[in-house]
Amino acid sequence: MLYDAEYLARIEKLIRAHLPAWGLAPDAALSLLSISENATFRATSGARDLVLRVYRPGYHTPAEIRSELAWIAALRAEDVVPTPCIIATLDGRPLAEMDDGGTPRRMVAFAFAPGVEPQEGADLPGWFRHLGGIHARLHAHARRWARPQGFTRKVWDFESMLGSRPLWGDFRAALGLDGPGRALLERTAGVLKDKLAPLSQPGSFGLIHADLRLANLLVEGERLTLIDFDDCGFSWFLYDFAAAVSFIEQSPRLPELKAAWLEGYRACAPLPADAEDALDVFVMLRRMLLTAWIASHAETPTAQTMGAGYTQGTLALAEGFLARRG
């Protein structure tokens, strides 16, 4: 799938044809917010201000999307974390299904949430301290929530990330990867598999957001709003920190961000004494997963921006990881 001008024009046409389902005119103001797995647009008309997500075909089933929406609704109903409201169609459907020239398409609307993503030059440790508390509340809710019948989301474990059934592609196909680099990453994957076994204790694994990186956080004043639960699924709770530092894993501020996150989390809930060491394992795991994603999603703007340079950074991180833990 190419995210070119022709594709975006077709998606915009599809959205406009279905805007009346949410009470908006087909000629409402429409602007592209982001494009990655999905295409996300903002639609405004009068007092209506919505964010419309058009799902990438073939990634999530309708049942998986409805399960995502069920968790969001539960989090809002219990006031666990700030996240935008799901806006159902006028006839009460939270998930709209449509045909795109023979391709099934699915679309969801959310209330627009103001704010900007946290900036690296700002008080990022302060926001990570806040995020640690948010993750603690999310994890506590996931542990106690009685999920509705039929709830289904992807499982993010070693096999679905780097193993026999990789959901985001094979890390060995990373952009610009040569033979020695491939061997280095294979050694790293083996060490990660061994390190993850003792971290997979009862209570360590559950429903998580799995993608609360900076781009999925909105800051407005003192408020931090969470968006984009598209990758939520079952994984290690501590993996949420690794997702939070996606694409900034090589920042010299990473130790500071980790300490702030741990402080914020522990202010709300206990963590194992070895949590700090475990976070290093999950950061390496996430970095290799993202390296595979960039290769398998080379047509996306994010992948095109990162390119082979991201692979080289992964190799540098892998060398350091093996030196410390291999």
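Now for a description of the structure that goes with this document. All figures in this text were calculated on a predicted structure; none of them were measured in a lab.

## Some points on the pattern of salt bridges
Under the defined criterion, the tally for this structure stands at 25 salt bridges. Note that Lys-154 is salt-bridged to Glu-64, the shortest N-O span being 3.0 Å. With Lys-154 in the loop between α3 (124-144) and α4 (158-161) and Glu-64 in helix α2 (residues 62-77), this residue pair connects regions lying 90 residues apart in the sequence. Residue classification places Lys-154 among the buried positions, given a relative accessible area of 11%. Assessed through its relative accessible area of 10%, Glu-64 is described here as buried. Taken together, the shared-partner salt bridges in this structure form one network comprising Lys-258, Asp-277, Asp-280 and Arg-325.

## Looking at the side chain of Asn-38
Mapped onto the fold, Asn-38 is located in the loop between β1 (29-35) and β2 (39-45). Reaching out from Asn-38, the side chain makes a polar contact with the side chain of Asp-230 at a distance of 3.0 Å.

## A few points about unusual backbone geometry
A negative phi angle is the norm for most residues apart from glycine, just as the trans form is the norm for most peptide bonds. If you check the backbone angles, Asp-79 has positive phi at about 50° while not being a glycine. Mapping Asp-79 onto the fold places it in the loop between α2 and β4 (86-87). Residue Asp-79 is classed as exposed on the basis of its relative accessible area, which comes to 66%. Positive phi outside glycine occurs at Phe-247, with the angle close to 75°. Tracing the backbone shows Phe-247 in the loop between α6 (239-244) and α7 (254-266). Judged by relative accessible area, Phe-247 falls into the partly exposed class, the value being 23%.

## Topic: the packing of aromatic side chains
If you walk through the whole model with that rule in mind, you get 11 aromatic pairs. Plain terms: the ring middles of Phe-128 and Phe-241 are 6.3 Å apart, the flat faces sit at 70° to each other, and that makes the pair edge-to-face. Of this pair, Phe-128 sits in helix α3 while Phe-241 is found in helix α6, placing the two residues 113 residues apart along the sequence. By the burial criterion, Phe-128 is buried, and Phe-241 matches it. Look at Trp-168 and Trp-293: their rings are 6.4 Å apart centre to centre, the planes differ by 65°, and that puts the pair in the edge-to-face class. A residue pair is termed long-range when its members are at least 10 positions apart, and Trp-168 in the loop between α4 and α5 (179-199) and Trp-293 in helix α8 (residues 275-296) qualify at 125 residues. As far as the burial class goes, Trp-168 and Trp-293 line up, both buried.

## Observations regarding the pairing of β1
Relative to β2, β1 runs antiparallel, the two sharing six bridges. Note on β2: the bridge partner recorded for Leu-32 is Phe-41. As consecutive antiparallel partners, β1 and β2 are separated by three residues.

Reading guide: rules and limits
- Residues numbered from 1 in each chain as written.
- Predicted model: local features only at pLDDT ≥ 70, side-chain atom pairs only at ≥ 80, totals over all residues.
- Heavy atoms only, no water.
- Salt bridge = Lys/Arg side-chain N within 4 Å of Asp/Glu carboxyl O.
- Helix = DSSP H or I, 4+ residues; strand = E, 2+ residues; numbered from the N terminus.
- Buried < 20%, exposed > 50% of the residue type's maximum accessible area, 1.4 Å probe, protein only.
- Polar contact = N/O pair within 3.5 Å; in protein donor to acceptor, adjacent residues only side chain to side chain.
- Phe/Tyr/Trp six-rings, centres within 6.5 Å; stacked < 30°, edge-to-face > 60°.
- Pairing = 2+ DSSP bridges.

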